Every structure is written in C-alpha cells, then in structure tokens.
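# Notes for the structure review
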Amino acid sequence: MVARGLTRRFGSLVAVDNVELTVGKAQVYGFLGPNGSGKSTTIRMLCGLLLPSAGDIQVLGLSIPRDAEALKRRIGYMTQKFSLYEDLTVQENLEFLAAVHDIPRAHSKTRIDELLARYWLHDRRHQLAGTMSGGQKQRLALAGSVVHRPELLFLDEPTSAVDPQSRREFWDSLFELADAGTTILVSTHYMDEAERCHRLAILDEGRLVADGAPAHLCAALPHSVWLIQCDAPRRAQQALEHSTGIVAMAQIGAQLRVLAERDSVSARTLEQRLSQAGIQAHVEAGAPNLEDVFVAATHDPSEDAA
Ligand SMILES: Nc1ncnc2c1ncn2[C@@H]1O[C@H](COP(=O)(O)OP(=O)(O)OP(=O)(O)O)[C@@H](O)[C@H]1O
C-alpha cells in the first residue's frame, strides 16, 4: 500500500495534510497520534470509504478511490465501535457476514466453525452478541472482519474498550494473521501496542511526524532522557518547569522522567538547578522509550518557556 500526498480537508480544516505512507505486505503497521490527529480520516481514505481532497493511493495494485468497489472485497475493516448486530447471536452475525461476502453456504459453515474456534467463541455461538463483554465483542468483530480472508485488514482503535489481558490476546491474533500473510494497519492510543508493530507512523495535526520501526524511532530520538530521584518529585517538576532545553516531564511514581534537548542539559546541570531550588536529587540517564518518541514528535515548541 502506497499513499502519496494524501490530503483531506473539511472546510477550512486540514484533517490530513500531505501524508506519505508505504506499508509492506504482511506487516503490522501502527498509527499513533493524539485525538483528532487524522488517524481515522487517513484509514477511511485508504480503504476507499472517504474521498481524498488530494493525493494518490495504491492498495493491493488498485488505484483508490477509482477501484474502491473492487478493493472492498479484498479488505477487512473494524472500528472501536461495535458494528455487528447486538440482537443476533454470535453465529448468526458470522453467517450474515459470510452471506454479505457471497461465501457459498457449504464453505461458510466450515469457515465459521474455524473462526469460532480460533477466536475462542465456540462455546458462545448461540449467545446474543449484545450480551457479550467488551473483549468478546471485539473478538467477534475481528472474526467478522476476516470471514472472507481479506489480504489487508484496517483496524481503527480496535481495543479501546478492552482490558489489558484481552488486548494482549487480540494482538496475538493480529500477529497470527500477519504470519499467514495478511497486511494489517491498526490505529491505537496504547504505547504497548504501538511498540509491538513492525512499523509505526505518528500523526500530529494531520501531518506525518515520524515513521519507522519502533526500536529505530527510539534509537533515533534526538533528545536525552533523565531520571530524577528525590523526595519531592512534584516540587522538582515545578522547579524545572521553565528551564531551557526541557521538552517534557512526567512523574512516574516517586521518580521524575525528563525529556530534554540533547547537549543543552546534563545530569549535573539538572542537579544544580534543583539544588538552587533547595531540592537534593540524584539524576541519571535513562533509555528513550516510545512514549518519549511520541511526546517529542507531537510536542509544540511554542508552548515551551525560554
Ligand atoms: N466528517 C467530518 N466533518 C468535519 N470534520 C471532520 C470529519 N471527520 C473528521 N473531522 C475532523 O478531522 C480531524 C481528524 O479527525 P480524525 O477522526 O481523523 O482523528 P483521529 O486521530 O482518528 O482522532 P481520535 O484519536 O480521537 O479517534 C478532527 O479535527 C475531526 O474533528
């Protein structure tokens, strides 16, 4: 899948701004970004549900939006909102989707049995979808979105209402699909999920601000991370708030995690600044993680104090 100069305007708002993307076959490709950064709008354009204002999209050798109808038969699409029928049973929902995709009845029975087993739904086949838990609903929605064996799967925040264990299991299922050759494009707000992607795009205000393998993005971060141990991390944060070179700070338990411009801050300068505020602290270097990459990529320098 390749997108070039992908842009979508809603009136004067540029929701997606000149985005360039290349997604390889059987990759799990993640979309990360703050609320309103354009993730859903991009996904909807890539799968032919929304017309771009500008740009070229090639998906599975098809030109989108021109070939959107042909694409629909080869992709699956799932959103955070449960879009199946709550008053149909698990099995009836899958039978309905199999019929929508013109799967002959002789084949659909085997396929549905296979999906019920794979997504741990076999003992719930006669339960009404509306009475299932959030995690079970998402497993059913995933089963429904792959009933026709799509080559490409679009998932828009599929696990936003799901507990951590169910999220892990859901992601295991995504890797199982990718191992079998399915390309997966998935948006998320969770760093642990983003970390698991083969490749990741970070969107901010409609623009692509980072793109690469998670480990590579962490290694390429042009900032330093400092971990501050002291008795009063909140006071330490206030003391450093308007310091030069500091990009972001977050208290993690009793520790203060500081993201700073490289070369403008050192452990010594931080200790000195804190000491001037009457705070004794021990500062050591930390390893950048994906949250640091996300904060750096989406941080607005105009909000910094000089
Ligand atoms: N149909 C529409 N009409 C007008 N504005 C829209 C429409 N769809 C999206 N937008 C706007 O486009 C911007 C991007 O929205 P989008 O839903 O793509 O963001 P997102 O990154 O998916 O957000 P979230 O993480 O909250 O789901 C937002 O400012 C949103 O209000």
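Residues numbered from 1 in each chain as written. Predicted model: local features only at pLDDT ≥ 70, side-chain atom pairs only at ≥ 80, totals over all residues. Heavy atoms only, no water.

The protein is annotated in an unreviewed UniProt entry as ABC transporter ATP-binding protein from Tahibacter amnicola. In its Sequence similarities (unreviewed entry) section, the UniProt record describing the protein reads: "Belongs to the ABC transporter superfamily." (UniProt positions renumbered as here; feature names shortened; annotations may be inferred.)

Before going further, it helps to spend a moment on the packing of aromatic side chains. Throughout the structure, instances matching the rule amount to three aromatic pairs. For the pair Y29 and F31, a centre-to-centre distance of 6.2 Å together with 65 degrees between the ring planes defines the contact as edge-to-face. Taken as a pair, Y29 and F31 share a single burial class, namely buried. Here W171 and F175 contribute two aromatic rings whose centre-to-centre distance is 6.2 Å and whose plane-to-plane angle is 50 degrees, an arrangement assigned as tilted. One end of the pair is W171 and the other is F175, both in helix α6 (residues 164-179) and four residues apart, which spans about a single turn. We note R167 situated over the ring of Y190; from NZ or CZ to the ring centre the distance is 3.7 Å. (Phe/Tyr/Trp six-rings, centres within 6.5 Å; stacked < 30°, edge-to-face > 60°. Buried < 20%, exposed > 50% of the residue type's maximum accessible area, 1.4 Å probe, protein only. Helix = DSSP H or I, 4+ residues; strand = E, 2+ residues; numbered from the N terminus. Lys NZ or Arg CZ within 6 Å of the ring centre and 35° of its normal.)

Okay, the site of the ligand next. With respect to spatial proximity, 13 residues lie near the ligand, and among them N35, G36, K39, S40 and T41 are the closest. Contacts to the ligand include S37, whose backbone N or O atom sits 3.1 Å from an oxygen atom. Between the ligand and the protein, one listed contact pairs an oxygen atom with a side-chain N or O atom of S40 at 2.7 Å. Starting from 630 Å² of accessible surface for the ligand in isolation, the protein chains cover 61%. Put simply, the parts of the chain that give the shell around the ligand at least two residues each are β2 (13-22) and α1 (39-46). No other element matches α1, which puts three residues into the shell around the ligand. (Near = heavy atom within 4 Å. Polar contact = N/O pair within 3.5 Å; in protein donor to acceptor, adjacent residues only side chain to side chain. Areas by Shrake-Rupley, 256 points an atom, 1.4 Å probe, with all protein chains shown as cover.)

With that settled, consider α6. Its 16 residues give α6 an end-to-end C-alpha distance of 23 Å, which sits within 8% of 22 Å, the value for a rise of 1.5 Å per residue. In this structure, the buried side of α6 is in contact with β3 (28-32), β6 (75-79), α5 (134-145), β7 (152-156), β8 (183-188) and α7 (191-196). Where α6 ends, the next residue or the one after it, G181, has phi of about 110 degrees, a positive value. (Expected span 1.5 Å × (residues − 1). Contact = heavy atoms within 4.5 Å.)

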